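Structure assessment
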Amino acid sequence: QVQLVESGGGLVQAGGSLRLSCAASGRTFSTYHMGWFRQGPGKEREFVAADSWTGTSTYYADSVKGRFTSSRDNAKNTVYLQMNKLKPEDTAVYYCAAGDTLLLYTTPTKYQYWGQGTQVTVSS
């Protein structure tokens, strides 16, 4: 069992930066692959980034590649999403998720555990 709590969201101007954190409880955190998703107003939940459980492989959506960086610290049971050069279209509720497979890592249903989400709002 893994419980996830996101933090770090807020309001930022376009071009600014935010760092989201996702703190996990449970001794098996380090064995889970971690994903970041977001859901904007009136939109479906979409994939943002994914980290393998070792942290050696990271995948990004094309829309955030080069601007966002996902990383994890298994010793701290925490995964991070550094978001730079934010755009108004990045406005969404951001969720972290844990899953036991990286197959179809862009698919939300492949993740077993989810956080409650944190709001990110980017003003123009």
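Look a little higher up for the structure.
First things first, this report covers the structure right here in the doc. Only a predicted model underlies this, so the values are computations on that prediction, with no experimental measurement involved.

Right, let's talk about the side chain of Asp90 for a bit. Within the secondary structure, Asp90 sits in the loop between β8 (78–83) and β9 (92–99). The buried category is assigned to Asp90, whose relative accessible area is 1%. Among the polar contacts made by the side chain of Asp90, one reaches the side chain of Arg67 at a distance of 2.8 Å. Not counting residues up to four positions away in its chain, the partners in contact with Asp90 are Arg38, Arg67, Phe68, Lys85, Val120 and Val122.

Think of a pair of aromatic rings as described by two things: how far the centres are apart, and how the planes are tilted against each other in angle. This structure, assessed with the given rule, holds eight aromatic pairs. Taking the centre distance of 5.2 Å and the plane angle of 80° together, the rings of Phe37 and Tyr111 count as edge-to-face. Highlighted residues: Phe37 in strand β4 (residues 33–39) and Tyr111 in the loop between β9 and β10 (113–114), separated in sequence by 74 residues. Judged by its relative accessible area of 5%, Tyr111 is buried. Judged by centre distance (6.2 Å) and plane angle (65°), the ring pair of Tyr111 and Trp114 falls under edge-to-face. A relative accessible area of 27% places Trp114 in the partly exposed class.

This next bit is on unusual backbone geometry. If you check the backbone angles, Asn77 has positive phi at about 55° while not being a glycine. At Leu104, a residue that is not glycine, the phi angle is positive and equals roughly 55°. Its location among the elements puts Leu104 in the loop between β9 and β10. Note on Leu104: relative accessible area 56%, which makes it exposed.

Following the criterion strictly, the structure yields one disulfide and no others. Put simply, Cys22 and Cys96 are joined by a disulfide, and their sulfur atoms are 2.0 Å apart. Around the S-S axis, the bridge from Cys22 to Cys96 shows a dihedral of about 60° and counts as right-handed. Taken together, the residues span a long stretch of sequence, with Cys22 in strand β3 (residues 18–25) and Cys96 in strand β9 at a distance of 74 residues. Cys96 gets classed as buried once you look at its relative accessible area, which sits at 0%.

Here the focus is the nonpolar core. Within the largest apolar cluster, 33 residues are counted, with the highest numbers of intra-cluster contacts made by Leu4, Trp36, Val48, Phe68, Leu81, Met83 and Tyr94. Residue assignment for this core shows that the elements contributing at least two residues are β3, β4, β5 (46–51), β8, β9 and β11 (118–123). Ranked by the residues each element gives to this core, the list is headed by β9, at five residues. When residues no more than four places from it in sequence are discounted, the contact partners of Phe68 are Arg38, Val48, Tyr60, Leu81, Gln82, Met83, Asn84, Leu86, Asp90 and Tyr94.

How each quantity is defined
- Residues numbered from 1 in each chain as written.
- Predicted model: local features only at pLDDT ≥ 70, side-chain atom pairs only at ≥ 80, totals over all residues.
- Heavy atoms only, no water.
- Helix = DSSP H or I, 4+ residues; strand = E, 2+ residues; numbered from the N terminus.
- Buried < 20%, exposed > 50% of the residue type's maximum accessible area, 1.4 Å probe, protein only.
- Polar contact = N/O pair within 3.5 Å; in protein donor to acceptor, adjacent residues only side chain to side chain.
- Contact = heavy atoms within 4.5 Å.
- Phe/Tyr/Trp six-rings, centres within 6.5 Å; stacked < 30°, edge-to-face > 60°.
- Disulfide = S-S within 2.5 Å.
- Core = buried A, V, L, I, M, F, W, Y, C linked by side-chain atoms within 4.5 Å.

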